[in-house]
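One-letter residues, chain by chain:
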Amino acid sequence: MSEQLRIVQVGLGGWGASWMQIVKDAPGWELAAVVDIDRKRLADAGAQMGLREDQLHESLEAAFAGGHLDACLVVVPPEAHADVAIAATRGGLHCLVEKPLANSVAAAKSIVDAADAAGVRLMVNQNYRYRRAPRTVKKLIAGGTIGEVGAVNIQFRKAAHFGGGFREQMAHPLVLDMAIHHFDQLRGTVGFEPVEVTARSWNPKWSWFDGDAMASAVFRAANGAVATYAGSWVAQGADTTWDGDWRIEGTDGELHWADNSVSLSPQSVFTSVFVPGAREEHGRLVFDLLKLEAEDRQGSLAAFRDAILADADGETSGRDNLRTLATVLAVRLSIERGKTVTLDEVLSSSA
């Protein structure tokens, strides 16, 4: 396989339109074709990206007929992810799918099974993982800096105005469209695997969302560790970054991750004051963030390319991402039922 991989992007809506430049700028990738059912979007994409008419298609089948392709980027609405991704894998294309992988566990499993049957790589764009701060946190936790993680507290606050559109009409906009990033970080960055969750959501009087824009959740891991989440998309006061504000407590101290900064409050200054890559500031050890060759969505594309070339599962493989999706759906189900829900129940669902 050549080093330059040819990718077709399916979906050119608001988020999809921004993806094209990301792909074009990504080393090792060529935006070989785009697909959308809207002819105006296709024409705009051609003009914006300098694509030829024979690179603009109204169906994935037409794109297949247009020349050799290596991979597919799926940026259509979640309810259409399974149809597009399964068609792409059956055509021999590796797939990078925007989060969420699908709108149900059953649909997500059908994509994973199709990729396995075709022998292609399937990954989900969990782009928040590929940033300097979370990569730094992941390395510190994996290296035992705070010992065994026992408690995680996550605060997220934004006044998110999208100017109308599907988010402001969703039943659970914060949980399904935003908190999925934080729940995936809990798994992928902290290494906390929820086994059950108790959650609630509500919509304050000042909300401009139709559905609940505030939520809280308490997760439990198999080893008894607990993670708490409190989020708002209609914050009236101070806000956080999009990553949120994290306090991660372990047997040997606490990591605080907020505002693109990572610091340690060690349990014992005598054993932890000389941690490599850290400097003392006001009684805490502040770490230099890891340097990354590619971040955010370009980081996802780089990881996707590495997985293809190595013929190995990537960090955010479709199979691994089933648990991120199940975490989100378990939170929604707990909200709707008003009681605790286990991830095993969600993962075993045929719906």
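Residue numbering note: each chain is counted from 1, following its sequence as written. Per-residue local features are limited, in this predicted model, to residues with pLDDT of at least 70; the limit for side-chain atom pairs, both in listing and counting, is 80 or more; totals at the level of whole chains, interfaces and linings are taken over all residues. To obtain the side-chain values, all non-hydrogen atoms of the structure were used and water was disregarded.

**A few points about the sheet that holds strand β6 (residues 122-125)**
Adjacent strands of a sheet form backbone hydrogen bonds with each other and so pair up, either parallel or antiparallel. Any two strands between which DSSP finds at least two bridges are classified as paired. Put simply, DSSP marks the helices as runs of H or I at least four residues long and the strands as runs of E at least two long, and each gets a number from the N terminus on. As summarised here, the arrangement of the 6 strands in space is β3-β2-β1-β4-β5-β6, forming an open sheet in which the pairing is parallel. Either end of the sheet is taken by a strand with one partner, and the two such strands are β3 (56-57) and β6. Alignment of strand β5 (residues 94-98) against β6, held across 4 bridges, turns out to be parallel. Opposite leucine 96, over in β6, you have methionine 123 as the bridge partner.

**Observations regarding the pairing of strand β2 (residues 29-35)**
Classification of residues uses two cut-offs on accessible area relative to the type maximum, computed with a 1.4 Å probe and protein chains only: under 20% is buried, over 50% is exposed, and between them is partly exposed. Burial analysis of β2 places 6 of its 7 residues in the buried class, which makes it a mostly covered element. When strand β1 (residues 5-10) meets β2, the two strands line up parallel, connected through 6 bridges. The residue bridging glutamine 9 from the neighbouring strand is valine 34, located in β2. Pairing analysis gives 2 bridges linking β2 to β3, with the strands arranged parallel. Bridge assignment links valine 35 to a residue of β3, and that residue is histidine 57. With strands facing away from the observer, any crossover in which the path from the first strand over the helix to the second runs clockwise is taken as right-handed. For the crossover from β2 across helix α2 (residues 39-49) to β3, the handedness is right-handed.

**Thoughts on the sheet that holds strand β11 (residues 245-250)**
Overall, mixed pairing links the 10 strands, which are arranged β14-β15-β13-β12-β11-β7-β10-β9-β8-β16 in an open sheet. One side of each edge strand has no neighbouring strand; the edge strands of this open sheet are β14 (278-281) and β16 (341-342). With 5 bridges joining them, β11 and strand β12 (residues 253-258) adopt antiparallel strand pairing. Bridge pairing links glycine 250 to glycine 253 in β12. The contact criterion used throughout is that any non-hydrogen atoms of two residues lie within 4.5 Å. As a rule, the C-alpha atoms of each element are fitted with a line to give its axis, helices using only the stretch in contact, and angles between N-to-C directions run from 0 to 180 degrees. Sheet strands touched by helix α6 (residues 132-142): β7 (149-157), β11, β12, β13 (261-266) and β15 (284-287). Its angle to β12, the strand with the most contacts, is close to 170°. Sheet strands in contact with helix α10 (residues 318-337) are β8 (194-202), β9 (214-221) and β16, and its direction is about 50° off that of β8.

**Concerning the pattern of salt bridges**
Any carboxyl oxygen of Asp or Glu that lies within 4 Å of a side-chain nitrogen of Lys or Arg is treated as forming a salt bridge with it. The tally for this structure, following the rule as stated, stands at 28 salt bridges. For aspartate 54, the salt bridge identified is with arginine 52, shortest N-O distance 2.9 Å. Residue aspartate 54 is classed as partly exposed on the basis of its relative accessible area of 46%. Residue glutamate 196 is joined to arginine 220 by a salt bridge in which the shortest nitrogen-to-oxygen separation is 3.1 Å. Here glutamate 196, found in strand β8, pairs with arginine 220, found in strand β9; they are 24 residues apart in sequence, far enough to count as distant.

**Digging into the packing of aromatic side chains**
Aromatic contacts are taken between Phe, Tyr and Trp rings whose centres are within 6.5 Å, Trp giving its six-membered ring; a plane angle under 30 degrees counts as stacked, one over 60 as edge-to-face, and the others as tilted. All told, the structure shown has 8 aromatic pairs when counted by the stated rule. Relative to phenylalanine 304, the ring of tryptophan 29 has its centre 5.5 Å away and its plane inclined at 15°; by these criteria the two rings are stacked. Remark: phenylalanine 304 occurs in helix α9 (residues 296-310) and tryptophan 29 occurs in strand β2; sequence separation between them is 275 residues. Summarising the burial analysis for this pair, tryptophan 29 and phenylalanine 304 share the class buried. Cation placement over rings: the criterion is NZ of Lys or CZ of Arg within 6 Å of the ring centroid and within 35° of the ring normal. We note arginine 167 situated over the ring of phenylalanine 162; from NZ or CZ to the ring centre the distance is 4.8 Å.

**Overview of the nonpolar core**
For the purposes of this section, nonpolar cores are sets of buried Ala, Val, Leu, Ile, Met, Phe, Trp, Tyr and Cys residues that join through side-chain atoms within 4.5 Å. Core analysis: the biggest nonpolar cluster contains 86 residues, and Val8, Val152, Phe192, Phe219, Tyr229, Ile248 and Leu255 have the highest contact counts within it. Considering every element that reaches this core, the biggest residue donor is α10, with 8 residues. Apart from the residues lying within four places of it in its own chain, the contact partners of phenylalanine 219 are Phe183, Leu186, Phe192, Pro194, Glu196, Val197, Ala225, Val226, Ala227, Tyr229, Thr327 and Val331. Listed in part, the 26 residues of the second largest apolar core include Met20, Leu56, Ala71 and Leu73.

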